[in-house]
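Letter by letter, the chains look like this.
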Amino acid sequence: MLIIPIKDGENIDRALKRYKRKFDKTGTLRQLRSRKNFTKPSITKRAQMQKAQYVQGLRDAVEI
């Protein structure tokens, strides 16, 4: 549970902005979305390999 202490005279919009930033840093929403649907480890590994090949191709294109 996130706790955001509000200082005296602090604008509520500023506190809400701090809350949203802290919420994003915890990665709660990303974790919920990833747990929503199960993906097999082989599919996850294949996606990582495809991404690595794509990035390597971009780096090779820059070196030429």
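Structure shown above.
Source: prediction; values computed, not measured.

A. Just the overall build of the protein, in detail. Helix and strand content of the protein: three helices and zero strands. When the helices and strands of the protein are read in sequence order from the N terminus, they spell out α-α-α. For the protein, the C-alpha radius of gyration of 20 Å lies well beyond 11 Å, the compact-globule estimate for 64 residues. By principal-axis analysis of the C-alpha atoms, the protein measures approximately 55 × 35 × 10 Å. Buried positions account for 6% of the 64 residues belonging to the protein. Distance between charge centroids for the protein: 9 Å, based on 17 positive and 6 negative side chains.

B. Up close: the side chain of Glu10. Positionally, Glu10 belongs in the segment before α1 (12–26). A residue is classified by how much of its surface remains accessible, and Glu10, at 18% relative accessible area, is buried. A distance of 3.0 Å separates the side chain of Glu10 from the backbone nitrogen of Lys7, its partner in a polar contact.

C. Layout of the packing of aromatic side chains. For the coordinates displayed, the defined rule picks out one aromatic pair. Note on Tyr19 and Phe23: the rings are 6.2 Å apart at their centroids and 25° apart in plane angle, and the pair reads as stacked. Remark: Phe23 and Tyr19 occur in helix α1; sequence separation between them is four residues, near one turn of the helix. Residue Tyr19 is classed as partly exposed on the basis of its relative accessible area, which comes to 35%.

D. Structural context of the environment of Ser34. Within the fold, Ser34 resides in helix α2 (residues 28–36). Among the residues examined, Ser34 registers a relative accessible area of 48% and is labelled partly exposed.

Cut-offs and rules
Throughout, a residue's number is its position along its own chain's written sequence, starting from 1. Local features in a predicted model are, by the rule used here, given only for residues with pLDDT of at least 70; side-chain atom pairs are given and counted only at 80 or more, and totals for whole chains, interfaces and linings are based on all residues. Excluded from the side-chain calculations are hydrogens and water; all other atoms, namely the structure's heavy atoms, are used. Secondary structure counts use DSSP, requiring at least four H or I residues in a row for a helix and at least two E residues in a row for a strand, with both numbered from the N terminus. With C-alpha atoms as the basis for the radius of gyration, the globule rule is written as 2.2 Å multiplied by the number of residues raised to the power 0.38. For every residue, the accessible area obtained with a 1.4 Å probe (protein chains only) is divided by the maximum for its type, and the residue is called buried under 20%, exposed over 50%, and partly exposed between those limits. When charges are tallied, Lys and Arg are placed among the positive residues and Asp and Glu among the negative ones, while His and the ends of the chain are skipped. By convention, the charge on Lys lies at NZ, on Arg at CZ, on Asp at CG and on Glu at CD. Two N or O atoms count as a polar contact when they lie within 3.5 Å, although within protein this holds only if one can serve as hydrogen donor and the other as acceptor, and sequence-adjacent residues are included solely when both atoms are side-chain atoms. For this analysis, a ring pair means two rings from Phe, Tyr or Trp (six-membered ring only for Trp) whose centres lie within 6.5 Å, classed as stacked if their planes differ by under 30 degrees, edge-to-face if by over 60, and tilted for the remaining angles.

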